[in-house]
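Remarks on the overall topology
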Amino acid sequence: MKKLTILIVLLMVGFSLVACSNSSSGKDKNTLEIALWDENASEAVDASIEAFKKENPDIEVKVTYTPFAEYWTKLRTSLGGGSGPDIFWMNGPNFYEYVDSNLIENLETYIDDDPQFAKENYYETVLDLYSFEDELYAAPYFVDSIGLFYNKKLFDEAGVPYPDDSWTWEDIEMYGEQLTNKEENIHGYVARITENQQGYYNMIPQAGGYIINEDKTQSGFNTPEAKEAFTFLQNLIDKGISPTVQNQIETKATQMFISERVAMLPEISVHAAEFHKELGDDLGVAPLPAGKEEGSVIHGIGWAMNSKSDNKELSWELIKSLSGEEGITTMAETGFSTPAHKEASQIWLDSIPSIDLQVFLDAHDIGVLYPISKNVAEWQDVETKEIQSAFLGEQTIDEALEKVSEQMNKVLEAENME
């Protein structure tokens, strides 16, 4: 009896090993897994999945939403261990790391063999963001450009004209001061320091400078233009036009705006639907006021494929359902964000008729690509720490920008020696 028991156990182990060997990740081949961080996209994602399942009724699709704060750690750990989702959201700051670590699939082979997917249908800025050595590694999904959201009610109460495409930095200061009501704890504008894309990443090129040069060898932080941009932002805070950086750390700027404690907020297009839900017809949007030059930082999200997925062909079909014209059209109709597909973006314009969403499409004409390099996370960590330190009064702006530039140049030099 004892020998029989041992034999049964060995047979069960053997069957288990065979089952595991059928899949490098141990997942069911009839299941695809998706990972992303924003549940506001669920309506569009679910609709695309339903369209995919009509063509692939035997395939189950599991979607996992992970808060952004934990998303990248969880994703990197699972992919590094040889498992993880089949497809997932990718952003600019993490792109090079995932390509360099061979964690995401080169999509060029699939694109070359698929007449249904054409790169020319997508905004070039997002194609550039997710291309490495001219080959695409993430299919463009939506685009983030920056506009100036404003509260019409607060403007009307202060007797201030609504912002338009003629506004400059001087108008931010002049009208921002008129909109500020210290007794009511209302600020005219938010000088964004705790978020780079919505804030100073726009101001530096508007001052005529750059964050990183075109060949990714030099930092632009320790330049007269960068200093001019940060000095302007500090002046807005010093005058009480903007909440302090400590205020911005304690309460998100988006929450201040929704709570009607801020009259003007530079913010990405993805918040348009959320703001409209909260403020209704009191919400307006205008182009970012110009400095010496116009400028709006362009970022976007792409769908990447796990390089170790056991279902690559099906994963590609699902990516197409999500980022192809039909899938992105669904997203456009929900108003979630600006589709990366040019034709679908026109549909998005009608998703919130009461505000001028064309502002965000026009931003592409003056767009500045979100600055990244191979080891962007290293220099952005220094950037965040030192710049916030300066605005918290722990050092001067010049001292902070010198440190950021020095460390950033060291990172860039090391990158170019690899």
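Everything numeric in this text was worked out from a predicted model, so none of it was measured. (Residues numbered from 1 in each chain as written. Predicted model: local features only at pLDDT ≥ 70, side-chain atom pairs only at ≥ 80, totals over all residues. Heavy atoms only, no water.)

**Quick word on the overall build of the protein**
Inclusion rule: Only runs of H or I of at least four residues qualify as helices and only runs of E of at least two qualify as strands under DSSP, and these elements are numbered from the N terminus. Our radius of gyration looks at C-alpha atoms and nothing else; its globule reference is 2.2 Å times the residue count to the power 0.38. Note on exposure labels: buried denotes an accessible area under 20% of the residue type's maximum, exposed denotes more than 50%, and partly exposed covers the range between, all computed with a 1.4 Å probe on protein chains only. By the convention used here, residues are in contact when the closest approach between their heavy atoms is within 4.5 Å. Throughout, the Shrake-Rupley method with a 1.4 Å probe supplies accessible areas, and for residues the shown protein chains are the sole cover considered. Note that His is not counted, nor are the chain ends; the positive residues are Lys and Arg, and the negative ones are Asp and Glu. By convention, the charge on Lys lies at NZ, on Arg at CZ, on Asp at CG and on Glu at CD.
Helix and strand content of the protein: 19 helices and 12 strands. Compactness check: the protein gives a C-alpha radius of gyration of 24 Å against a globular reference of 22 Å for 418 residues, within 12% of the reference. On the principal axes, the C-alpha backbone points of the protein span a range of 90 × 50 × 45 Å. Among the 418 residues that make up the protein, the fraction classed as buried is 55%. Long-range contacts, defined here as pairs at least 24 residues apart, represent 74% of the contacts in the protein between residues at least 6 apart. Total accessible area computed for the protein in this model is approximately 19000 Å², and 47% of it derives from carbon and sulfur atoms. Here the protein contributes 29 positive and 74 negative side-chain charges, whose respective centroids are spaced 9 Å apart.

**Describing unusual backbone geometry**
In this model, Asn102 sits at a positive phi of 60°, which is unusual for a non-glycine residue. Checked against the element boundaries, Asn102 lands in the loop between helix H4 (92-100) and helix H5 (108-112). Using a relative accessible area of 53% as the deciding quantity, one classes Asn102 as exposed. Even without being a glycine, Glu260 presents a positive backbone phi close to 60°. Within the fold, Glu260 resides in the loop between helix H12 (253-258) and strand E8 (264-268).

**As for the environment of Ala51**
Inspection of the secondary structure assignment puts Ala51 in helix H2 (residues 42-55). Given a relative accessible area of 25%, Ala51 falls into the partly exposed group. For the pair Ala51 and Leu318, spaced 267 residues apart in the sequence, the C-alpha separation amounts to 9.2 Å.

**Quick word on a negative patch on the surface**
Rules: To count toward a patch, a residue needs a relative accessible area over 30% and no salt bridge; like charges are then connected within 9 Å, while nonpolar side chains (Val, Leu, Ile, Met, Phe, Trp, Tyr) are connected within 5 Å. Whenever a carboxyl oxygen of Asp or Glu lies within 4 Å of a side-chain nitrogen of Lys or Arg, that contact is scored as a salt bridge.
Taken together, the side chains of Asp112, Asp113, Glu124, Asp128, Glu133, Asp134, Glu135 and Glu313 define an acidic patch exposed on the protein surface. Residue placement: Glu133 occurs in the loop between strand E4 (131-132) and strand E5 (135-136). Residue Glu133 is classed as exposed on the basis of its relative accessible area, which comes to 66%.

**Quick word on helix H15 (residues 325-334)**
Three or more residues of H15 are buried, namely Gly327, Ile328, Thr329, Met331 and Ala332. Close packing links the buried residues of H15 with H2, strand E6 (138-144), helix H14 (312-323), strand E11 (338-339) and helix H16 (342-348). Following H15 by one or two positions, Gly335 adopts a phi angle in the positive range, close to 80°.

**A word on the pattern of salt bridges**
For the structure shown, the criterion picks out 12 salt bridges. Linking Lys153 and Glu260 is a salt bridge whose minimum nitrogen-to-oxygen distance equals 3.1 Å. A residue pair is termed long-range when its members are at least 10 positions apart, and Lys153 in helix H7 (residues 152-158) and Glu260 in the loop between H12 and E8 qualify at 107 residues. Lys153 sits in the partly exposed class, given a relative accessible area of 32%.

**A word on the confidence of the model for the protein**
As a reminder, the rule being used: Per-residue confidence from the predictor is reported as pLDDT, which spans 0 to 100.
Averaged over all residues, the pLDDT of the protein is 91; the fraction at 70 or higher stands at 93%. Low pLDDT (under 50) marks residues 1-25, which in the prediction has 8 contacts with non-local residues, meaning those over four places away or in another chain.

**Here we look at the sheet that holds strand E9 (residues 283-286)**
Inclusion rule: Criterion used throughout: strands pair if DSSP finds at least two bridges between them. For helices, the axis comes from a line fit to the C-alpha atoms of the stretch in contact; other axes are also lines fit to C-alpha atoms, and the angle between any two N-to-C directions lies between 0 and 180 degrees.
Overall, antiparallel pairing links the 3 strands, which are arranged E8-E7-E9 in an open sheet. Bordering the open sheet on either side are E8 and E9, each of which pairs with just one other strand. Sheet twist, expressed as the average angle between the axes of neighbouring strands with direction ignored, equals 35°.

**A closer look at the pairing of E8**
For E8, the buried fraction is high: 5 of the 5 residues fall into the buried class. Burial of E8 is two-sided: the residues Met264, Pro266 and Ile268 facing one way and the residues Leu265 and Glu267 facing the other way are all buried.

**Considering helix H3 (residues 68-80)**
Residues spaced three or four apart along an α-helix point in a common direction, a consequence of the helix completing one turn every 3.6 residues. How we decide: Every helix has an expected span of 1.5 Å times one less than the residues it contains. When we speak of the arc, we mean the arc of directions from the helix axis to the C-beta atoms.
End to end, H3 covers 19 Å across 13 residues, agreeing with the expected 18 Å (1.5 Å per residue, within 8%). Listing the buried residues of H3 in full gives Tyr71, Trp72, Leu75, Ser78 and Leu79. Across the axial projection of H3, the buried residues extend over an arc of 145°, all falling on one side. Among the exposed residues of H3, those oriented more than 90 degrees off its buried face are Ala69, Thr73, Thr77 and Gly80.

**Structural notes on the side chain of Ser269**
Applied cut-off: Any pair of N or O atoms that falls within 3.5 Å is considered a polar contact. Within protein, one atom must be able to donate a hydrogen and the other to accept it, and sequence-neighbouring residues count only if both atoms are side-chain atoms.
Secondary-structure assignment places Ser269 in the loop between E8 and helix H13 (272-279). Here Ser269 falls in the buried class, since its relative accessible area comes to 0%. For Ser269, the side chain forms a polar contact with the main-chain oxygen of Val143, separated by 3.3 Å. The contacts of Ser269, once residues within four sequence positions are left out, are Val143, Asp144, Ser145, Phe336, Ser337, Thr338, Trp348 and Phe360.

**What to know about the packing of helix H8 (residues 169-179) against helix H10 (residues 224-238)**
The cut-off we apply is this: Orientation labels follow simple angle bins: below 35 degrees gives roughly parallel, above 145 gives roughly antiparallel, 65 to 115 gives roughly perpendicular, and whatever is left gives oblique.
Contact geometry of H8 with H10 gives a least axis separation of 11 Å together with a crossing angle of 10°. Judged by the inter-axis angle, H8 sits roughly parallel to H10. Across the interface between the two elements, Trp169, Ile172 and Glu173 of H8 pack against Glu228, Ala229, Phe232, Asn235 and Leu236 of H10.

**Brief notes about the side chain of Thr254**
In this structure, Thr254 sits in helix H12. Not counting chain neighbours up to four residues away, the residues in contact with Thr254 comprise Leu265, Glu267, His271 and Phe275.

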